[in-house]
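Breakdown of the fold
Here is how the chains run, residue by residue.
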Amino acid sequence: MQGREMIRRMENSIFLQLMIVIGFVSFITTQVYAHPKVDVNIISSGHVPNRRHHVPKHKASLPLATANASTTHVYHVTSYGADPTGKIDSTNAIIAAISDALNRPGSGFLMNGIVNLGGTRIDLDGGNYLISRPIQFPIPGRGNLFIQGGSLMASNEFPNDSYLIDLSPAASTNGSDLEYYFEFVTLRDLLLNCNYRGGGIQVVKSLRINIDNCYITHFSTVGVSVKGGHETSIRHSTVGQHITAGGDPAERNVTGIGIELAGNDNSITDVVVFSAAKGIMLSGQANTITAVHCYNKATGFGGTGIYIKLPGLAQTRIVNSYLDYTGIVAEDPVQLTISNSFFLGDAYIVFKSIKGVVSGVNIVDNMFTGSDKGIDTVQLDQTNGAFKQIDQVVIDGNNVNGMNLRSTIARRIVQGNSSLWEADFNSALVFPDLIKRAYYTFIAEDTASFPVHALRNISSNKVVIQSQTTVSASVHITADQGGP
C-alpha cells in the first residue's frame, strides 16, 4: 500500500511540473504573436502604424536615409567625370562640380551680399586629380562651403604664374561691387602638388577663409598667398618646395616663399615650412604666428625663416615657434612681439633699418642655441642708415647656449679700491651708444664710512660712477636702452 501511495504522489508531481512548462511555453508564444505584423510598404508610404516602436530600427531608417541623399548638398567630383587615378585631366569636371555648388539656392546672406550656401561640400573622394589650369570659382559672392579630401597635381601644361586653387574672381566675372569676394570657405584635407609650376593656394580679398590640414609642395612661386581681405586662418598644415626632412643637399638652391600674408588680421597656427627661400613673408598688419616650425633654407645659405616687410607698423606677434637654422628679419619694426620661441643652429633676429625706426618691440623669454661661433642673438642691419628713433624696446629674459646674448637691459658688477668705476656694456647691449637709464648700487666695504658718489657719464654704452674719495667698494650697475 505504501509503495502505491508513493507512485501516485510521484505521478502527481510530474503532472504538475508538466503543466507549468506547458503554461510557460504558451505565455512565450502569446507574447511572440501578440504584435501585429509590420508592413514595410506602409512605412515607406509615410503611414506609421500605431505600434511604431516595435518596428526594427534599421527598417525605419531606410526611407530616411534615402531622403537625406536627395536633400544633402555634397558634390562628388567623380560624379562629374573627374578621374581619381590622375591619368586624365579632371579640370573641367572639378570646376563643373564647383559651379553647380555655387549656383544652388542659398539660405540668406553672410557679409555684404555673400550668399550663404549652408555648408555645401565639394568632395574629392580621396582621389588624385590631374589639372591643367587653376581651380577658380566661376562666381564670386559665395560663402559657407568646403573643398575637401583629395589630391590635386598640376600637369605639364599648367601655367607657371597661377595657383592650383585660386580664390579670386575669374576674369569673366565681375566682383568689383563686393567688399569681399568670398567668405567662410574651407579647404581641408588636401595635398597640392604644384609640379614646380606656379603656386598652391591664392586667397584674394576674402574673409574668414580656412586652410586646414593641407600639404602643399613642389611650388615654384608661393605655397599659400593671401592678398587683401582679412581673417584667413592657416592651421595644421605643411608647406615645402622640395620634400625633405632636413639636410637636403640641394638646400642652397631652394627658391620661393612658403606662406605670404599681404593682408590684415590673419593667423598661422601649428604649421611647418620645411623648404622655401623665405618661410613666411608678412606684409600686412596684425597677424599672429603661433607654434610654427621653420626649417626652410638656412640663414647661412641666404634663407630667412620669417620676414616682416612692413616698415613702420608691423603689429605682429610671433610666439611659441621654432626657428631651425633660419631666423627672423623685421624692417623698421613697430609693435612687434617675439616670445617663448626657440632659435636653433645660430638662428638670430635682425632689425633692418629702412627709415631708422624701431618702437614698441618686445623680444622676451626666448631660447637661443648655437655653435660657439660668436653669433649675436639680436643684430642690426643699418645698411640704409642708422636707427635714430628707438622707443619702448624691451629685449630681455632670453637665455643662450653657444651664442652672444644681446639685450636692451644689461648688468655689471665693478669691484676695487678706487674713486672711479666704469662698466662697459658694448658686448651686451643691442644698440650702439645708447643708454637711456642707468641704475647703480654702491656698497662700501668699510661700513663705518659714508662715501659721497654719483653717476658721472653714460656715453658710448659705458657707465661711469665716481666717488669723492678713494674707497674699497662693489658697484652694481644696470643699463637700460629701452625707455621712452
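Residues numbered from 1 in each chain as written. Predicted model: local features only at pLDDT ≥ 70, side-chain atom pairs only at ≥ 80, totals over all residues. Heavy atoms only, no water.

**A look at the overall build of the protein**
Counting secondary structure elements, the protein contains four helices and 32 strands. For the protein, the proportion of its 484 residues judged to be buried stands at 46%. Considering only intrachain contacts with a sequence separation of at least 6, the fraction spanning at least 24 residues in the protein is 65%. Here the protein displays about 23,600 Å² of accessible surface, and carbon together with sulfur accounts for 53% of that area. (Helix = DSSP H or I, 4+ residues; strand = E, 2+ residues; numbered from the N terminus. Buried < 20%, exposed > 50% of the residue type's maximum accessible area, 1.4 Å probe, protein only. Contact = heavy atoms within 4.5 Å. Areas by Shrake-Rupley, 256 points an atom, 1.4 Å probe, with all protein chains shown as cover.)

**Considering the nonpolar core**
Counting residues in each nonpolar core, the largest one holds 83 residues, and the members touching the most others are Leu152, Ile259, Ile280, Ile306 and Phe351. Looking at this core, the element that brings in the most residues is helix H4 (residues 91-103), giving seven residues. Residues Ala410, Ile435, Phe442 and Val471 belong to the second largest nonpolar core, which totals 17 residues. (Core = buried A, V, L, I, M, F, W, Y, C linked by side-chain atoms within 4.5 Å.)

**Considering the environment of Ser162**
Tracing the sequence through the fold places Ser162 in the loop between strand E5 (142-154) and strand E6 (163-167). Residue classification places Ser162 among the buried residues on the basis of a relative accessible area of 15%. Residues in contact with Ser162, not counting those within four places in the same chain, are Pro134, Arg197, Gly198 and Gly199. Within the structure, the side chain of Ser162 is placed 3.5 Å from the side chain of Asp161, a separation counted as a polar contact. (Polar contact = N/O pair within 3.5 Å; in protein donor to acceptor, adjacent residues only side chain to side chain.)

**Here's the deal with H4**
Along its 13 residues, H4 runs 18 Å from first to last C-alpha, staying within 8% of the 18 Å computed at 1.5 Å per residue. Inspection of H4 places Thr91, Ala93, Ile94, Ile95, Ala97, Ile98, Ala101 and Leu102 among the buried residues, and these make up the whole buried set. (Expected span 1.5 Å × (residues − 1).)

**What to know about the sheet that holds E6**
If you walk across this open sheet you meet the 10 strands as E4-E6-E8-E10-E13-E15-E17-E20-E23-E26, and the pairing is parallel. Only two strands of the sheet have a single partner each, and these edge strands are strand E4 (135-136) and strand E26 (378-381). Judged from the four bridges that link them, strand E23 (residues 349-352) and E26 form a sheet pairing that is parallel. Opposite Ile349, over in E26, you have Val378 as the bridge partner. (Pairing = 2+ DSSP bridges.)

**Description of the confidence of the model for the protein**
Here the protein averages 87 in pLDDT, and 84% of its residues register 70 or above. With pLDDT under 50 throughout, residues 1-11 is counted as low confidence; its partners more than four residues away or in other chains account for zero contacts. Across residues 14-70, confidence stays below pLDDT 50; counting only partners more than four residues off in sequence or on other chains, it has 10 contacts. (pLDDT = per-residue confidence, 0-100.)

**So, the environment of His293**
Inspection of the secondary structure puts His293 in strand E16 (residues 288-294). Sequence spacing of His293 and Gly279 is 14 residues, and the spatial spacing of their C-alpha atoms is 9.3 Å. Residues in contact with His293, not counting those within four places in the same chain, are Val271, Val272, Val273, Tyr322 and Asp324.

**Section: the packing of aromatic side chains**
This model, assessed by the stated rule, comprises seven aromatic pairs. Taking the centre distance of 5.1 Å and the plane angle of 85° together, the rings of Phe137 and Phe182 count as edge-to-face. Highlighted residues: Phe137 in the loop between E4 and E5 and Phe182 in strand E7 (residues 182-193), separated in sequence by 45 residues. Among the residues examined, Phe137 registers a relative accessible area of 0% and is labelled buried. Given the relative accessible area of 0%, Phe182 is considered buried. Here Lys278 stacks its cationic end above the ring of Tyr307, 5.6 Å away from the centre of that ring. (Phe/Tyr/Trp six-rings, centres within 6.5 Å; stacked < 30°, edge-to-face > 60°. Lys NZ or Arg CZ within 6 Å of the ring centre and 35° of its normal.)

**Here we look at the environment of Pro159**
Note that Pro159 resides in the loop between E5 and E6. The contacts of Pro159, once residues within four sequence positions are left out, are Ser132, Arg133, Pro134, Arg197 and Gly198.

**Describing the side chain of Thr244**
Mapped onto the secondary structure, Thr244 falls in the loop between strand E12 (238-240) and strand E13 (257-264). When its relative accessible area of 19% is taken as the criterion, Thr244 is described as buried. Polar side-chain contacts of Thr244 include one of 3.0 Å to the backbone nitrogen of Gly246. When residues no more than four places from it in sequence are discounted, the contact partners of Thr244 are Phe274, Ser275 and Tyr295.

**A closer look at unusual backbone geometry**
Even without being glycine, Ala291 reaches a positive phi, approximately 55°. Phi at Asp433 takes a positive value of approximately 50°, unusual for a residue other than glycine. You can see Asp433 is positioned in the loop between strand E29 (409-424) and strand E30 (437-444).

**Some details on the pattern of salt bridges**
When charged atoms on two side chains of opposite charge get close, those side chains can pair. Scanning all chains against the criterion turns up six salt bridges. Of the charged contacts in the structure, one is a salt bridge between Lys309 and Glu331, with a shortest N-O distance of 3.4 Å. Here Lys309 is found in the loop between strand E17 (304-308) and strand E18 (316-319), whereas its partner Glu331 is found in strand E20 (residues 328-331), with 22 residues between them in sequence. Lys309 sits in the partly exposed class, given a relative accessible area of 41%. Accessibility expressed as a relative area gives 4% for Glu331, which makes it buried. Residues Arg411 and Asp396 are paired through a salt bridge, measuring 3.9 Å at the closest nitrogen-oxygen approach. Here Arg411, found in strand E29, pairs with Asp396, found in strand E27 (residues 389-396); they are 15 residues apart in sequence, far enough to count as distant. (Salt bridge = Lys/Arg side-chain N within 4 Å of Asp/Glu carboxyl O.)

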